Amino acid sequence: MNMKTVLVIINCIFLAIGNCGGPLMMRLYFHNGGERIWFSSFLQTVGCPLILFPLLFSFLRRRRRLEEQEKTSFFLMKPPLFMASIVAGLLMGFDNYLYSYGLAYIPVSTASLIISAQLGFTALFAFFMVKQKFTPFTINAVVLLTVGAVVLALNSDSDKLANETHKEYVVGFIMTIGAALLYAFILPLVELSYKKSRQRIAYTLALEFQMVLCFVATCFCLVGMLVAGDFKVLAGEARDFKLGESLYYVVIVFTAIIWQAFFVGAIGLIFCASSLVSGIMISALLPVTVILAVICFQENFQAGKGVALALSLWGSVSYFYGQIKSEEKTKAQETQLSQLPVTDSET
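Residues numbered from 1 in each chain as written. Predicted model: local features only at pLDDT ≥ 70, side-chain atom pairs only at ≥ 80, totals over all residues. Heavy atoms only, no water.

Describing the overall build of the protein chain
Per the secondary structure count, the protein chain includes 13 helices and zero strands. What you see in the protein chain, going N to C, is helices and strands ordered as α-α-α-α-α-α-α-α-α-α-α-α-α. Expressed as a percentage of the 347 residues in the protein chain, the buried residues total 51%. In the protein chain, of all internal contacts separated by at least 6 residues, the share reaching a separation of at least 24 is 84%. Of the roughly 17,100 Å² of accessible surface on the protein chain, 68% is carried by carbon and sulfur atoms. (Helix = DSSP H or I, 4+ residues; strand = E, 2+ residues; numbered from the N terminus. Buried < 20%, exposed > 50% of the residue type's maximum accessible area, 1.4 Å probe, protein only. Contact = heavy atoms within 4.5 Å. Areas by Shrake-Rupley, 256 points an atom, 1.4 Å probe, with all protein chains shown as cover.)

Next up, the structure:
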């Protein structure tokens, strides 16, 4: 097993932990008395200092390899990629807010099914931004995932949380769609940044990009917290938390750690494969999140959600199958070209 395969597996594990655990931790926060949307947005990226540990390990390894240790740089990122990570970070901060707002007013299972439409959006943006090829299977997946989101919208009245108005549900629904759309744009934007950076993108550089992105997103949400006055009420919110004050802090710490695993996994898969593969993995894991949400929070799972889940799975499988067929076709063409005889004019 080569190193790239190992990295893909590791990043898939991180993505699975974050993609399934992050929304559940946020729902646990809101379900037990948490109300601060900017604060929950802040928690999604505040765990970025954890990335310093693998970066330090990478730095020490580089120092041992080089004879002139004084020339070893801790950060490898050059200005163009650094600026791109700042732009992506600002977009991510806003995306965190949209997602937190949506999850405050709609069930986790519903939010996860809406986010499944992200695969279609990612494919569309990847087509224009990084020249990702479209196939009939891709188009089929986009249509199915979009129809699934429409089915959820039509069944909104039976899916509201307790003590929630129809207006709050609709706004939360729209905010979640906006979060899916924006994150679908961010994924190929990161891939495009790698391609335009004029740097050899190693995994260490991908981690640096991730750390800057999350740091900027955290600062963006921090400003939102200051404007909204979150710092004035967090202590009181902790005291009134239904699970107890000590568990309040446990929930927010684990929320930050689990979400960081998600971002590391998502950005890592872009490095190891592509933005579309990252989007596919996110969509493929969403049914697991839906099932866990129904089990953990006894959320309703009416017929509309069942139809949306089936369409989501159908769309994801369609896309996976299309990608496999496309890769097989490409390999067959490469094999044919390699077997062609070399003429005298070519020698």
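Let us keep going from here.
A short note on the side chain of Gln 260
Turning to its location among the elements, Gln 260 is positioned in helix H11 (residues 245–272). Given the relative accessible area of 2%, Gln 260 is considered buried. Engagement of the side chain of Gln 260 in a polar contact is seen with the backbone nitrogen of Cys 48, the distance being 3.2 Å. What Gln 260 contacts, discounting residues up to four positions off in sequence, is Gln 44, Thr 45, Gly 47, Cys 48, Ile 51, Gln 210 and Cys 214. (Polar contact = N/O pair within 3.5 Å; in protein donor to acceptor, adjacent residues only side chain to side chain.)

Re the nonpolar core
Grouped together as the largest cluster of nonpolar side chains are 70 residues, with contacts concentrated most on Phe 39, Tyr 183, Val 190, Tyr 194, Phe 209 and Tyr 248. When residues no more than four places from it in sequence are discounted, the contact partners of Phe 39 are Tyr 29, Met 225, Asp 230, Leu 234, Tyr 248 and Ile 252. Grouped together as the second largest cluster of nonpolar side chains are eight residues, Ile 51, Leu 55, Tyr 203 and Val 264 included. (Core = buried A, V, L, I, M, F, W, Y, C linked by side-chain atoms within 4.5 Å.)

Quick word on the environment of Lys 195
Residue position: Lys 195 is located in helix H8 (residues 166–196). When the C-alpha positions of Lys 195 and Leu 81 are compared, they lie 9.8 Å apart, and in sequence the two are 114 residues distant.

Focus on the confidence of the model for the protein chain
In this model, the protein chain carries an average pLDDT of 82, and 86% of its residues clear a pLDDT of 70 or more. Put simply, helix H7 (residues 136–154) is where the protein chain has its lowest mean pLDDT, 70, and helix H2 (residues 37–43) is where it has its highest, 96. (pLDDT = per-residue confidence, 0-100.)

Details of the packing of helix H4 (residues 79–105) against H8
Two elements in contact, H4 and H8, have axes whose closest approach is 7 Å; the angle formed by their N-to-C orientations is 160 degrees. Here H4 is positioned roughly antiparallel relative to H8, judged by the angle of their axes. Here H4 and H8 pass one another in a crossing that is left-handed. Looking at the contact of H4 with H8 residue by residue, the classes come out as 21 nonpolar, five polar and two charged. (Axes fitted to C-alpha atoms, helices over the stretch in contact; angles between N-to-C directions. Parallel < 35°, antiparallel > 145°, perpendicular 65-115°, else oblique. Left-handed = near helix turned anticlockwise from the far one by under 90°. Nonpolar A, V, L, I, M, F, W, Y, C, P; charged D, E, K, R; others polar.)

A short note on the side chain of Thr 204
Mapped onto the elements, Thr 204 comes out in helix H9 (residues 203–228). Excluding residues that lie within four positions of it along the chain, Thr 204 makes contacts with Leu 55, Ser 58, Arg 62 and Leu 76.

A look at a nonpolar patch on the surface
On the surface, a cluster of nonpolar side chains totalling about 710 Å² of accessible area is made up of Leu 50, Phe 53, Leu 243, Leu 247, Val 250, Val 253, Phe 254 and Ile 257. Among the elements that line the nonpolar patch, the one with the most residues is H11, at five residues. (Patch = residues over 30% accessible without salt bridge, like charges linked within 9 Å, V, L, I, M, F, W, Y side chains within 5 Å. Salt bridge = Lys/Arg side-chain N within 4 Å of Asp/Glu carboxyl O.)

A word on the pattern of salt bridges
In this structure the tally under the stated criterion is two salt bridges. In this structure, Arg 36 engages Asp 230 in a salt bridge whose closest nitrogen and oxygen atoms are separated by 2.7 Å. Remark: Asp 230 occurs in helix H10 (residues 230–240) and Arg 36 occurs in the loop between helix H1 (3–31) and H2; sequence separation between them is 194 residues. A salt bridge links Glu 191 to Lys 195, with the shortest nitrogen-to-oxygen separation between them at 3.8 Å. In this pair, Glu 191 and Lys 195 both sit in helix H8, four residues apart, roughly one turn of the helix. Here Lys 195 falls in the exposed class, since its relative accessible area comes to 53%.

Concerning the packing of H9 against H11
Orientation of H9 relative to H11, taken along the N-to-C sense of each, is 135 degrees, at an axis distance of 10 Å. Here H9 is positioned oblique relative to H11, judged by the angle of their axes. Handedness of the H9/H11 crossing: right-handed. Where H9 approaches H11, its residues Tyr 203, Ala 206, Leu 207, Gln 210 and Cys 214 are matched on the opposing element by Gln 260, Phe 263, Val 264, Ile 267, Gly 268 and Phe 271. For the contact of H9 with H11, the residue count by class is eight nonpolar, three polar and no charged.

Structural notes on the packing of aromatic side chains
The geometry of an aromatic ring pair comes down to the distance between the two centres and the angle between the two planes. Counted by the stated rule, this structure contains 18 aromatic pairs. Through successive ring pairs, a cluster of aromatic residues spans Tyr 29, Phe 30, Phe 39, Phe 42, Phe 241, Tyr 248 and Tyr 249. (Phe/Tyr/Trp six-rings, centres within 6.5 Å; stacked < 30°, edge-to-face > 60°.)

A short note on the environment of Leu 181
On the secondary structure map, Leu 181 appears in helix H8. Classification of Leu 181 as partly exposed rests on a relative accessible area of 37%. Taking C-alpha positions, Leu 181 is 6.1 Å from Phe 121, a pair spaced 60 residues apart along the chain. Ignoring sequence-local partners within four residues, the contact set of Leu 181 consists of Phe 121 and Phe 125.

Thoughts on the state of the cysteines
Tallying each qualifying case throughout the model produces zero disulfides. Free cysteine Cys 219: the closest other cysteine sulfur is in Cys 48, separated by 8.0 Å. Residue classification places Cys 219 among the partly exposed positions, given a relative accessible area of 33%. (Disulfide = S-S within 2.5 Å.)

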